[in-house]
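# Descriptive analysis of the structure
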Amino acid sequence: MQQVSSFQLDVLNEIGNIGAGNAATALSLLMGSPVDMTLPWTKFCPLEEGCALLSRPDEVGVGVQVGLDGSVTGRMLLTFDEASALHILLAFGDMLPEKDLDNEMARSALMEVGNIVAGSFVTALSEFLKASAWCSPPTLVHDYFDAFVCTVMVSGCQDTDYVLVFKTELQVGGKVLHSDLAFMPAEDSFRMIMNALGATGG
Amino acid sequence: MGKKILVVDDAAFMRMMLSDHLTKAGFEVVGQAENGAVAIIKYKELRPDMVTMDITMPEMDGIQAVKEIKKFDPAARIVMCSAMGQQQMVMEAIQAGARDFIVKPFDVTRVVQAVTKALS
Ligand SMILES: [Mg+2]
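Residues numbered from 1 in each chain as written. Chains lettered and ligands numbered in written order. Predicted model: local features only at pLDDT ≥ 70, side-chain atom pairs only at ≥ 80, totals over all residues. Heavy atoms only, no water.

### Quick look at the environment of phenylalanine 190 of chain A
Residues and elements named next belong to chain A. Position of phenylalanine 190 among the secondary structure elements: in helix H6 (residues 187-197). The exposure class of phenylalanine 190 is buried, given its relative accessible area of 5%. In this structure the C-alpha to C-alpha distance between phenylalanine 190 and aspartate 161, which are 29 residues apart in sequence, comes to 9.8 Å. (Helix = DSSP H or I, 4+ residues; strand = E, 2+ residues; numbered from the N terminus. Buried < 20%, exposed > 50% of the residue type's maximum accessible area, 1.4 Å probe, protein only.)

Below is the structure:
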């Protein structure tokens, strides 16, 4: 398997932390109330293992996926369990008349949350790489984790074998929500990132 | 009567937020479009005083739409709505004739300031 040294993982985790900080600022502005975001851990693993990490058996969840474009390509998936997704909708307050996961405006608000989280990470990464990358329009799935996580992670990623998983904690409206952010870089982007991190590390 | 504004963004939630901010500030949102192609049609139909234009959209992106709208009406006033990491695209849009840009998520004061300035 492709090796990532603990040094490289530390740097990726640090990039993730910068992204989380930026995401928290942007989400606070979007939702009109304070939001905090931290990354308890970061893991790099083969796709199958990543699928297992994000899937929660017999649970329904919400996933927002975005594609990455520019000098870094690949895709990202942000997942929440259903209760957390509903809690986020509640935090929008009067801005969202319907706090319902089947409501178009509510789904659009959650897609924007995913867009911001993915975009913050991509910005932190591209600043580190001194490259330019951005997100393509998001899509949202609301289904059993088993039914969408692996499909989303694998589809359109034929040249991707690995995933970087950021465990995230989102503090919104007096609650701590657990969520996962998976980053599936395309093969050449993955190599570019690893080269930038230093092949040997240390 | 308030100046007529066309709000363009693929995200329904962002269109709603922006329309809300603009309406409260005394502007009249005369139309909304979810991609660049629809924006061009609505621009020709509604002839707004100003357009707020998202960059990343399906079908046709905001930069292409700016170019097309400027071709149709060189005097068109357009403010770009960009997300993080899109500085390069903002520059391209400005070169194509956009007057200014605002960054998402929106800060109400900055939105009103940019739109007011672009209209003057
Ligand atoms: Mg957009």
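### With respect to a negative patch on the surface
A contiguous patch of negative charge, built from Glu48, Asp159, Asp161 and Asp188 of chain A, is present on the exposed surface. By secondary structure assignment, the location of aspartate 188 of chain A is in helix H6. (Patch = residues over 30% accessible without salt bridge, like charges linked within 9 Å, V, L, I, M, F, W, Y side chains within 5 Å. Areas by Shrake-Rupley, 256 points an atom, 1.4 Å probe, with all protein chains shown as cover. Salt bridge = Lys/Arg side-chain N within 4 Å of Asp/Glu carboxyl O. Lys, Arg positive; Asp, Glu negative; His and termini not counted. Charge placed at Lys NZ, Arg CZ, Asp CG, Glu CD.)

### Here's the deal with the coordination of the magnesium ion
Any two of four tetrahedral donors ideally make an angle of 109.5 degrees at the metal, while pairs among six octahedral donors ideally make 90 or 180 degrees. The magnesium ion binds to the protein through Asp10 of chain B (OD), Asp54 of chain B (OD) and Thr56 of chain B (O), with metal-donor distances spanning 2.1 to 2.3 Å. Sequence positions of the donors to the magnesium ion reduce to the motif D-x43-D-x1-T. (Donors = N, O, S within 2.8 Å, 3.2 Å for Na, K, Ca; no water.)

### So, unusual backbone geometry
Each neighbour pair has its own omega, and for lysine 104 of chain B with proline 105 of chain B the value is -5°, a cis peptide bond. Structurally, the position occupied by proline 105 of chain B is in the loop between strand S5 (100-103) and helix H5 (108-119). With a phi angle near 55°, lysine 130 of chain A is a residue other than glycine that sits in the positive phi range. Judged by relative accessible area, which is 76%, lysine 130 of chain A ranks as exposed. The residue arginine 47 of chain B is not glycine, and still its phi comes out positive at about 45°. Position of arginine 47 of chain B among the secondary structure elements: in the loop between helix H2 (36-46) and strand S3 (50-54).

### Remarks on helix H4 (residues 104-129) of chain A
Relative to the 38 Å expected for 26 residues at 1.5 Å per residue, H4 of chain A spans 36 Å between its end C-alpha atoms, a close match to the ideal helical length. Its side-chain oxygen at 3.0 Å from the backbone nitrogen of methionine 105 of chain A, asparagine 103 of chain A defines the N-terminal cap of H4 of chain A. (Expected span 1.5 Å × (residues − 1). Polar contact = N/O pair within 3.5 Å; in protein donor to acceptor, adjacent residues only side chain to side chain.)

### Considerations on the pattern of salt bridges
This structure, assessed with the given rule, holds 13 salt bridges over all chains. Across the pair glutamate 92 of chain B and lysine 67 of chain B runs a salt bridge whose closest N-O atoms are separated by 3.6 Å. Here glutamate 92 of chain B, found in helix H4 (residues 87-95), pairs with lysine 67 of chain B, found in helix H3 (residues 62-72); they are 25 residues apart in sequence, far enough to count as distant. Its salt-bridge partner being glutamate 68 of chain B, residue lysine 71 of chain B comes within 3.5 Å of it at the nearest N-O pair. Within this pair, lysine 71 of chain B and its partner glutamate 68 of chain B are both found in helix H3, separated by three residues, close to a single helical turn. In this structure glutamate 68 of chain B comes out as partly exposed when scored by relative accessible area, which is 26%. A network of salt bridges, in which partner residues are shared, links Arg56, Asp81, Lys167 and Asp180 of chain A.

### Notes on the pairing of S3 of chain B
Residues and elements named next belong to chain B. With five of five residues buried, S3 lies mostly within the body of the structure. Across the two faces of S3 the burial is the same, with Met50, Thr52 and Asp54 and Val51 and Met53 all buried. In this sheet, S3 lies alongside strand S1 (residues 4-8) in parallel orientation, the contact comprising four bridges. Across the sheet, residue valine 8 finds its bridge partner in S3, namely methionine 53. (Pairing = 2+ DSSP bridges.)

### Observations regarding a nonpolar patch on the surface
Taken together, the side chains of Ile94, Phe101 and Val103 of chain B make up a nonpolar region of the molecular surface, amounting to roughly 210 Å² of accessible area. Residue isoleucine 94 of chain B is classed as partly exposed on the basis of its relative accessible area of 33%.

### A few points about the interface of chain B and chain A
Each side of the interface is counted separately: chain B has 18 residues, and chain A has 21 residues. The contact between chain B and chain A buries some 1600 Å² in all, and 73% of this surface belongs to carbon and sulfur atoms. Taken as a group, Phe13, Met84 and Pro105 of chain B account for 40% of the area that chain B buries against chain A, more than any other trio of residues on that side. Counting the contacts that link chain B with chain A gives zero salt bridges. Linking chain B with chain A are three residue pairs in polar contact (both at pLDDT 80 or more), by the criterion used here. Elements with a contribution of two residues or more to the side of chain B that touches chain A: helix H1 (12-24) and H4 of chain B. (Contact = heavy atoms within 4.5 Å. Buried area = accessible area lost by both parts, 1.4 Å probe.)

### Details of the packing of H2 of chain B against H3 of chain B
Residues and elements named next belong to chain B. At a minimum axis distance of 9 Å, the contact between H2 and H3 shows a crossing angle of 20°. In terms of axis orientation, H2 runs roughly parallel to H3. Crossing of H2 against H3: the hand is right-handed. Touching Gly36, Ala39, Ile40, Tyr43 and Lys44 of H2 are Ala65, Glu68, Ile69 and Phe72, all from H3. Considering only residue class, the contact of H2 with H3 consists of six nonpolar, one polar and two charged. (Axes fitted to C-alpha atoms, helices over the stretch in contact; angles between N-to-C directions. Parallel < 35°, antiparallel > 145°, perpendicular 65-115°, else oblique. Left-handed = near helix turned anticlockwise from the far one by under 90°. Nonpolar A, V, L, I, M, F, W, Y, C, P; charged D, E, K, R; others polar.)

Geometry only, nothing functional implied.
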